[in-house]
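# Report on the structure
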Amino acid sequence: MANKLLSEMGLPKSIANIFAARNLITAKDVFSLTEFELMELLDVDLAVVTSAVAHISEITCPPYQTALSLLEQRGQNENMAGHLPTCLKGLDNALCGGIPFGVVTELVGPAGIGKTQFCLKLSLLASLPSSYGGLDGSVIYIDTESKFSSRRMIEIGFNSFPEVFHTEGMAQEMAGRILVLRPTSLSEFTDSLHKIKVSLFQHGVKLLIIDSMAALLSGEGVQGPQRQHSLGWHISFIKSVAEFSRIPVVVTNQVRSQSRDETSHYSFQEQSRVDTPEGATKLDSHLVAALGIHWSHAVSIRLVFESRSGQRFIKLAKSPLSPPLAFPFNITSSGISLLNDDGMEMQGPNIHAISCQGHNNVINFGSEMMH
């Protein structure tokens, strides 16, 4: 709106001619100067300048919206965008239908906890025929750690959708819809992203999975501001792919230890040190998402995979539509299975804390990348 032409704003002809004579063409040109600077440049009274600026502001500024209109608009956008159901009833209910289109969903947790299993099931669901509840499309799966298993994916398919996979030739057709890329460096990954954005519509892609983003960055030798700049670029590009294509984008992330000296990311962490005698000790073993606080702001949905007292949980730690909930789950021959659909509501430190009992696969990045 700031680039709107002054000649199209219905200003009095006398003042419009003066603006044009002084090479003030757009609203942005006017707003970049103070009223006193405009007085001097245009050689007119303050009252004339004030009146003209008020008129231009009224034309260019977007109208206000009520909370009700924003809610209705959001509902319409979500209905148009859609969701990819996970077939986990409790989680789908909490997410109002499943993994949302047009935004980035993050899966974070230690290695071996079930993130890739979750991604394999999502790949099947996106490629499944629409008559069986799928999206009937292709999937681009960026496998940076060579963890993608065709054999495991087919096993999940046969056990989850036997009526589909026992049809002759269907297993091969479904597997053929999942395009796997295995970049070995950050530069190869960047090249892959550029190609993906161009080919999304050509191949009828309905889901993009990046498993995992943290593995690529941890393997690079770049440190400090240069690494942070690279991460920032990739965050922006991945978000633009999600918004441009209106498909679900799922990115996995690893965990790292948070040291005692590291700045607290959340206010409750600092409070917990004061409230409990052993608070500092507990924080020493506290795990956080490996890509840091800037990355966490870029994702719309965060699902934390963790293990506590021998039981695995999926935690809906970040969502604009749901309170934080935790769902216990097992990994079976048909993939991830929730033990109940109700979910346990979480509060305080438990929302963002990541428990890793029985798992030792923790990434130790330099702390300069994390803030």
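Residues numbered from 1 in each chain as written. Predicted model: local features only at pLDDT ≥ 70, side-chain atom pairs only at ≥ 80, totals over all residues. Heavy atoms only, no water.

As recorded in an unreviewed UniProt entry, the protein goes by the name RecA family profile 1 domain-containing protein, listed as coming from Anisodus tanguticus. Among the UniProt annotations of the protein, the heading Sequence similarities (unreviewed entry) holds the following wording: "Belongs to the RecA family. RAD51 subfamily." (UniProt positions renumbered as here; feature names shortened; annotations may be inferred.)

With that settled, consider helix α8 (residues 150–160). Taken together, the buried positions of α8 are occupied by Arg152, Met153, Ile154, Ile156 and Gly157. The inward-facing, buried residues of α8 contact α7 (115–127), α9 (162–165), α10 (170–176), β5 (178–181), β12 (325–332) and β13 (335–338). (Buried < 20%, exposed > 50% of the residue type's maximum accessible area, 1.4 Å probe, protein only. Helix = DSSP H or I, 4+ residues; strand = E, 2+ residues; numbered from the N terminus. Contact = heavy atoms within 4.5 Å.)

Attention shifts here to empty space enclosed by the protein. To find leftover empty space, one rolls a probe the size of a water molecule over the atoms. Following the criterion strictly, the structure yields two cavities of 30 Å³ or more and no others. Computed from the structure, the second largest cavity encloses a volume of approximately 50 Å³. Together, Thr86, Leu88, Phe118, Lys121, Leu122, Leu125 and Ile336 line the second largest cavity. Per-element accounting of the lining of the second largest cavity gives the leading share, four residues, to α7. Split into classes, the residues belonging to the lining of the second largest cavity amount to five nonpolar, one polar and one charged. (1 Å grid on protein atoms, 1.4 Å probe; cavity = no way out; pocket = protein on both sides within 12 Å on 5 of 7 lines; lining within 4 Å. Points joined across faces, edges and corners; volume = space filled by probe spheres on them. Nonpolar A, V, L, I, M, F, W, Y, C, P; charged D, E, K, R; others polar.)

Quick look at the packing of α7 against α8 now. Two numbers describe how α7 lies on α8: the axes approach to 10 Å, and their chain directions differ by 60 degrees. The angle between α7 and α8 falls in the class oblique. In the crossing of α7 with α8, the sense of the turn from one axis to the other is right-handed. Here Gln117, Leu120, Lys121 and Leu124 of α7 lie close against α8, whose contacting residues are Arg152, Met153, Ile156, Gly157 and Ser160. Each residue belonging to the contact of α7 with α8 can be placed in one class, and the counts come to four nonpolar, three polar and two charged. (Axes fitted to C-alpha atoms, helices over the stretch in contact; angles between N-to-C directions. Parallel < 35°, antiparallel > 145°, perpendicular 65-115°, else oblique. Left-handed = near helix turned anticlockwise from the far one by under 90°.)

Note that Gln254 resides in the loop between β7 (249–253) and β8 (255–257). Residue Gln254 is classed as buried on the basis of its relative accessible area, which comes to 9%. At 3.0 Å, the side chain of Gln254 and the side chain of Glu145 are in polar contact. (Polar contact = N/O pair within 3.5 Å; in protein donor to acceptor, adjacent residues only side chain to side chain.)

Topologically, Gly10 is positioned in the segment before α1 (13–21). Overall, the relative accessible area of 62% leaves Gly10 in the exposed class.

Glancing now at the nonpolar core. Counting 44 residues, the largest nonpolar core has Leu84, Phe118, Leu122, Leu303, Phe305 and Ile314 as the members making the most contacts within it. Considering every element that reaches this core, the biggest residue donor is α7, with seven residues. When sequence neighbours within four positions are dropped, the list of residues in contact with Leu122 reads Leu84, Thr86, Ile99, Leu207, Ile209 and Val250. In this structure, Val104, Met213, Ala214 and Val299 belong to the second largest nonpolar core, which totals 28 residues. (Core = buried A, V, L, I, M, F, W, Y, C linked by side-chain atoms within 4.5 Å.)

Summarising the sheet, strand β10 (residues 301–308) and strand β11 (residues 311–318) pair through seven bridges and their orientation is antiparallel. Residue pairing across strands places Ser307 opposite Arg312, the latter belonging to β11. Here β10 folds back onto β11 in antiparallel fashion, the turn holding two residues, of which Ser309 has a positive phi close to 50 degrees. As paired elements, β11 and β12 share five bridges and run antiparallel to each other. By the bridge assignment, Phe313 is partnered in β12 with Pro328. (Pairing = 2+ DSSP bridges.)

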